[in-house]
Structure formats: C-alpha cells, structure tokens
Amino acid sequence: MHANLHQRRQQLLSQLGDAIAILPTAPEVIRNADAHYPYRGDSHFLYLTGFTEPDAVLVLDGKRGRSLLFCRDKHPEREIWDGFRHGPDAARETFGFDEAYSIDELDQRLPQLIGDHQALYWPVGRVAAWDARIGSWLETARQASRSGRDAPARYGDLLSLLDEMRLIKDEREIAVLQQAGRISAAGHVRAMQACRPGMNEYEIEAELLYHFVRHGARQPAYESIVAGGANACTLHYAANNARLNDGELLLIDAGCEFMGYAGDITRTFPVNGRFSAAQRDVYEVVLAAQLAAIAEVRPGAALDAPATAALQVLVRGMLDLRLLSGSVDGVIESGEYQRFYMHGIGHFIGLDVHDVGARRPGGVWRSFQPGMCTTIEPGLYIRPDDRVPAALHHIGIRIEDNVLVTAHGHQVYTDDVPKRIDAIEALMQLHH
Ligand code: GLY
Ligand code: MN
Ligand code: MN
C-alpha cells in the first residue's frame with residue numbers, strides 16, 4: 001500500500017465531518033455467454049482504496065474517523081478457477097483499512113452504521129440498484145430510530161467531493177500518469193516506424209497494443225482510433241480495418257491505461273513518410289494552434305485560455321488555406337469554423353481518460369492550478385465540399401498531448417513521440 005491512499009481517505013474523512021460515506025466499486029460486465037469484459041473498478045473507488053477486485057464497498061465512518069472495506073471472502077474453489085482473492089483480513093493489512101468485513105455482511109452491518117450518523121453521502125443517482133439498496137438500509141435505520149437510535153437527516157453527493165479531490169493530482173498520480181504517457185508515446189513511435197503503404201489500419205493498431213501490453217499496460221485507456229486518409233475526418237472512427245494508401249495521412253489517437261491511469265495521444269503522419277505540400281500546409285496550422293494552446297497552460301490562467309488561443313490560430317489558418325473567407329473575428333462570431341473544427345480543445349486526464357472535475361463551476365471558468373493534468377488536442381477535418389480547394393479534401397489532422405500544470409508553468413509529458421514535420425519525416429525515413 002502506498003501512503004497516498006491513506007492520505008486521500010484521511011482528507012475525505014476530514015471533509016465528511018461526522019457524516020458516513022458509502023462507495024461501491026463497479027460491477028463485472030458480461031460480454032457474451034461466459035465471457036466478461038476485462039474487469040475495471042470504479043475510478044473513485046480505486047482512487048481511495050487501490051483495491052482492484054469486484055464486489056467491494058468502501059465505507060468511511062466520519063464519526064469514528066475509520067475506513068472500512070467490505071470485500072469477497074477467500075474462496076479456495078473459486079480461486080482455483082478465477083484466481084487470487086485477498087479476503088477481508090489480507091485486504092485490511094495490504095491496503096491499510098481500519099476494518100474489513102465480508103461483502104456478505106453488508107446488509108446486516110450498514111443499517112446500524114448509517115444509524116449512528118447525522119449525514120449520509122454516496123454517489124447519488126449513479127446506479128439505481130445502489131440507490132435502492134442504500135435507501136433500504138436508511139429505512140431500516142429509521143425504523144430502529146423509533147426505538148431510540150438516530151438516523152441521518154442530511155444526504156449528500158459523494159461524487160462532487162471526490163471530483164474536486166481528483167482534479168489535483170498528488171505526486172504519486174503524477175508519476176504514474178507520466179509513465180502512462182511515456183508508454184503511450186513509445187507505442188506511437190513504434191506505430192510510426194512500422195507504417196508502410198499497403199498495410200491495414202489494424203496492423204498499426206496491433207503495433208500500439210503490442211507495445212502497451214509489453215510494458216504492463218494491459219488495456220488501452222479507450223478504443224484506439226487508427227484512421228487512414230478520409231477516415232480521419234470521422235472523429236470517433238473505430239473500424240480500424242481499411243488499407244493504408246500511399247500519399248494519404250494516418251491519424252492515430254491511442255493511449256494506454258497504466259496502473260489505472262490514462263494516456264491520450266494523437267499524432268497524424270504520412271503513410272509513406274513524406275508530407276505532401278497540401279498536407280504540410282494544413283499540418284502546420286494545427287501544430288501552431290496546439291503550441292499556442294499549450295503556451296497558455298500555467299497556474300492562474302483561465303481554463304478556457306488554451307481554447308481561445310488555438311481558435312485564433314486555426315481560424316487564421318482556415319482563411320489562409322481558403323477554407324473560409326472573411327475575418328478572424330467574423331468567422332469566430334458566426335461559428336462557421338465549426339465546419340472544420342467541431343470539438344473542444346481538451347479535457348482533464350487521470351484515472352479516467354475524460355477525467356472528473358468541474359471546468360466551469362457556477363458558470364465561471366476556473367483557473368489552472370499546479371497538479372491539474374489536461375489534454376491539448378486541436379484539429380482540422382476537411383470533408384469534400386465544393387466550396388473548399390480540392391487538394392485539401394479528406395485531410396483530417398489532430399495533434400494531442402498530455403500536459404501537467406507545474407508550479408510555474410507546464411510540462412508536456414507525452415512528447416517522446418515527435419510532432420514537428422522534420423522530426424516525423426526523419427524518424428520514418430530511418431525505417432523506410
Ligand atoms: N481519445 C479521446 C479523446 O481524445 O478525447
Ligand atoms: Mn485522444
Ligand atoms: Mn483526448
């Protein structure tokens with residue numbers, strides 16, 4: 001167990017005061033027949049416990065300042081089939097809980113625990129079955145209260161408290177995120193080196209996944225996008241089964257999940273290793289927009305500053321490329337740029353690839369603070385259109401990096417994979 005787990009639980013306990021909090025992990029999900037999706041615990045639960053088994057519930061007892069885990073018992077026969085289970089005793093020891101019990105004791109113990117508290121927090125409204133089950137414990141506690149015991153009179157949403165905590169990464173999270181970023185970046189380098197005209201998109205996907213798994217990141221953080229040519233203009237392209245043609249670009253948006261934390265990188269490069277003139281023109285606009293946006297990431301800057309900076313550069317570029325006519329301000333005002341750039345500049349990243357944390361609490365943009373992690377990912381996507389120069393049709397380009405806010409600025413920790421045109425061409429030339 002690492003010390004940060006204990007610290008996070010203590011921090012939440014101190015915010016809870018004399019309230020009690022209940023946090024179940026995620027269920028296993030069937031894929032078909034007897035096959036399951038790879039199991040992935042709830043991110044909030046993993047953040048507080050480090051405990052990766054299913055069928056577990058964390059209870060934080062604010063009144064006594066204690067953390068309790070309910071988990072699966074040891075089960076010699078099931079362990080022969082499905083593998084190791086900690087069981088409550090080993091889980092308590094290993095993960096530093098004050099108490100641990102069998103998950104089978106949940107319905108028996110929770111009404112009484114709840115009844116000892118004035119206030120109850122849980123992820124309200126997230127999973128209907130848990131709302132109902134917690135409601136039934138509450139009802140049991142209320143019935144008991146008629147015979148002298150209290151029941152909570154105040155209820156709150158646990159998610160908003162945890163979202164705020166997770167927004168600022170601690171030093172351990174930063175180290176793991178950086179490692180996820182490094183593995184993801186090296187996967188992209190491998191993909192660039194392997195790419196040849198005539199290959200299929202899924203062959204390149206295999207290079208990425210090979211590198212991720214080979215380095216202990218057993219799952220991608222999200223479905224990889226490996227989009228050759230016109231497919232790059234489909235923002236969430238998932239088929240990954242088309243031929244990669246000479247003269248086209250390849251857009252890869254892929255990142256691994258390492259120890260629960262996500263990487264999320266996009267690179268766009270020529271299938272044959274050399275940018276054409278038209279590809280180069282569009283690429284330089286997107287790269288300039290990305291660099292302008294990254295330059296805005298520093299403590300105290302408003303969270304929308306990167307988006308504003310990127311949009312100026314992208315729209316200027318759209319006018320220069322004759323995708324649009326008019327003035328920069330006019331095109332921003334009318335929203336016409338959305339024909340070619342229709343998504344946000346980025347998102348927080350952490351345990352979830354689109355990580356938690358309100359960007360605009362109460363309608364006001366918050367500021368960057370040290371320990372926040374965000375992606376910066378502008379793009380241009382040019383679908384065929386009579387109004388647009390034919391040489392640019394089907395070009396889709398996005399460039400995405402992961403950026404940590406530091407004490408005085410930022411650190412781009414996914415830049416092991418090149419993004420300047422000369423650096424990409426040099427890397428690919430070496431391998432062609
Ligand atoms: N790959 C998902 C995203 O870039 O947000
Ligand atoms: Mn991405
Ligand atoms: Mn992203």
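One can find the structure itself at the top, above this paragraph.
Quick caveat, the model's predicted, so the values are computed rather than measured.

J.: Kindly report on the overall build of the chain, identifying the contributing residues and their values.
T.: Scanning the chain from N- to C-terminus turns up 13 helices and 19 strands. Across its three principal directions, the C-alpha atoms of the chain cover 80 × 50 × 40 Å. Looking at the chain residue by residue over its 432 residues, the buried ones come to 53%. Taking the contacts inside the chain whose residues are at least 6 apart along the sequence as the reference set, 70% of them involve residues at least 24 apart. Only carbon and sulfur atoms are counted for the fraction: they give 50% of the accessible area of the chain, which is about 18,900 Å².

J.: Go over the coordination of the manganese ion (ligand 3) with me, naming the residues and quoting the values.
T.: Coordination of the manganese ion (ligand 3) by the protein is provided by D264 (OD), H347 (NE2), E377 (OE) and E400 (OE), with metal-donor distances spanning 2.0 to 2.2 Å. Given 6 donor atoms and angles of 51 to 157° at the metal, the environment of the manganese ion (ligand 3) is assigned as irregular. Here the donor residues of the manganese ion (ligand 3) are spaced in sequence according to D-x82-H-x29-E-x22-E. Metal-to-metal, the separation of the manganese ion (ligand 3) and the manganese ion (ligand 2) is 3.3 Å; D264 coordinates the two.

J.: So what about the sheet that holds strand β18 (residues 401-405)? Which residues, and what values?
T.: If you walk across this open sheet you meet the 3 strands as β15-β18-β19, and the pairing is antiparallel. What marks the edges here is a single partner per strand, and that holds for β15 (373-376) and β19 (410-412). If you compare each strand with its neighbour and ignore which way they point, the axes differ by 30° on average. Summarising the sheet, β15 and β18 pair through 4 bridges and their orientation is antiparallel. Paired with C373 across the strands is L404, a residue of β18.

J.: Can you lay out unusual backbone geometry for me, pointing to particular residues and giving the numbers?
T.: The phi angle of most residues is negative, glycine excepted, and most peptide bonds adopt the trans form. Even without being glycine, N240 reaches a positive phi, approximately 50°. Assessed through its relative accessible area of 3%, N240 is described here as buried. The backbone of R322 sits at a positive phi, close to 65°, despite the residue not being glycine. Positionally, R322 belongs in the loop between α11 (305-320) and α12 (328-334). For R322, a relative accessible area of 64% translates into the label exposed.

J.: Talk me through the coordination of the manganese ion (ligand 2); I want residue IDs and the actual numbers.
T.: The protein atoms that coordinate the manganese ion (ligand 2) are D253 (OD), D253 (OD), D264 (OD) and E400 (OE), at distances of 2.0 to 2.4 Å. Coordination at the manganese ion (ligand 2) is irregular, judged from the 6 donor atoms that bind it and the angles of 57 to 169° they form at the metal.

J.: I'd like a description of the site of ligand 1, backed by residues and values.
T.: Surrounding ligand 1, one finds Y222, D253, D264, H347, H354, E377 and E400. The side chain of D264 places a nitrogen or oxygen atom 3.2 Å from an oxygen atom of ligand 1. Contact distances for ligand 1 include 3.0 Å between an oxygen atom and a side-chain N or O atom of E377. In the complex, the protein chains occlude 85% of the 200 Å² of accessible area that ligand 1 would expose alone.

J.: Outline the side chain of D116, supporting the account with residue identities and numerical values.
T.: Assignment of secondary structure puts D116 in the loop between α5 (106-115) and β7 (119-122). Looking at D116, the relative accessible area reads 19%, which means it is buried. Looking at D116, its side chain comes within polar contact range of the side chain of R64, at 2.9 Å.

J.: Break down the packing of helix α1 (residues 3-16) against helix α7 (residues 158-167) for me, citing the residues and quoting the values.
T.: Axes are the key here: two packed helices are described by the angle between their axes and the distance separating the axes. Between α1 and α7, the least distance of the axes is 11 Å, while the angle of their chain directions is 130°. Judged on the interaxial angle alone, α7 and α1 are oblique. Pair α1 / α7 crosses with right-handed handedness. On the side of α1, the interface is formed by R8, Q11, L12, Q15 and L16, while α7 contributes L158, L161, L162 and M165. Residue classes in the contact of α1 with α7 are distributed as 6 nonpolar, 2 polar and 1 charged.

J.: So, the environment of S102: which residues are in play, and what are the values?
T.: Of note, S102 is situated in strand β6 (residues 99-102). Overall, S102 belongs to the buried group, its relative accessible area being 6%. Setting aside chain neighbours within four positions, we find S102 in contact with F70, C71, D73 and P88. A polar contact of 3.0 Å, which involves the side chain of S102, links it to the backbone nitrogen of D104.

J.: Please set out the environment of L208 residue by residue, giving values where relevant.
T.: With respect to the helices, strands and loops of the structure, L208 is situated in helix α9 (residues 201-214). Judged by relative accessible area, L208 falls into the buried class, the value being 0%. With near-sequence residues (within four places) excluded, L208 lies in contact with G187, H188, A191, V226, I252 and A254.

J.: Can you tell me about the packing of aromatic side chains, naming the residues and giving the values?
T.: Tallying each qualifying case throughout the model produces 4 aromatic pairs. The ring of F348 carries R359 above its face, with NZ or CZ at 5.5 Å from the centroid.

Reading guide: rules and limits
- Residues numbered from 1 in each chain as written.
- Chains lettered and ligands numbered in written order.
- Predicted model: local features only at pLDDT ≥ 70, side-chain atom pairs only at ≥ 80, totals over all residues.
- Heavy atoms only, no water.
- Helix = DSSP H or I, 4+ residues; strand = E, 2+ residues; numbered from the N terminus.
- Buried < 20%, exposed > 50% of the residue type's maximum accessible area, 1.4 Å probe, protein only.
- Contact = heavy atoms within 4.5 Å.
- Areas by Shrake-Rupley, 256 points an atom, 1.4 Å probe, with all protein chains shown as cover.
- Donors = N, O, S within 2.8 Å, 3.2 Å for Na, K, Ca; no water.
- Tetrahedral: all angles 85-135°; square planar, octahedral: opposite > 155°, others 65-115°.
- Pairing = 2+ DSSP bridges.
- Axes fitted to C-alpha atoms, helices over the stretch in contact; angles between N-to-C directions.
- Near = heavy atom within 4 Å.
- Polar contact = N/O pair within 3.5 Å; in protein donor to acceptor, adjacent residues only side chain to side chain.
- Parallel < 35°, antiparallel > 145°, perpendicular 65-115°, else oblique.
- Left-handed = near helix turned anticlockwise from the far one by under 90°.
- Nonpolar A, V, L, I, M, F, W, Y, C, P; charged D, E, K, R; others polar.
- Phe/Tyr/Trp six-rings, centres within 6.5 Å; stacked < 30°, edge-to-face > 60°.
- Lys NZ or Arg CZ within 6 Å of the ring centre and 35° of its normal.

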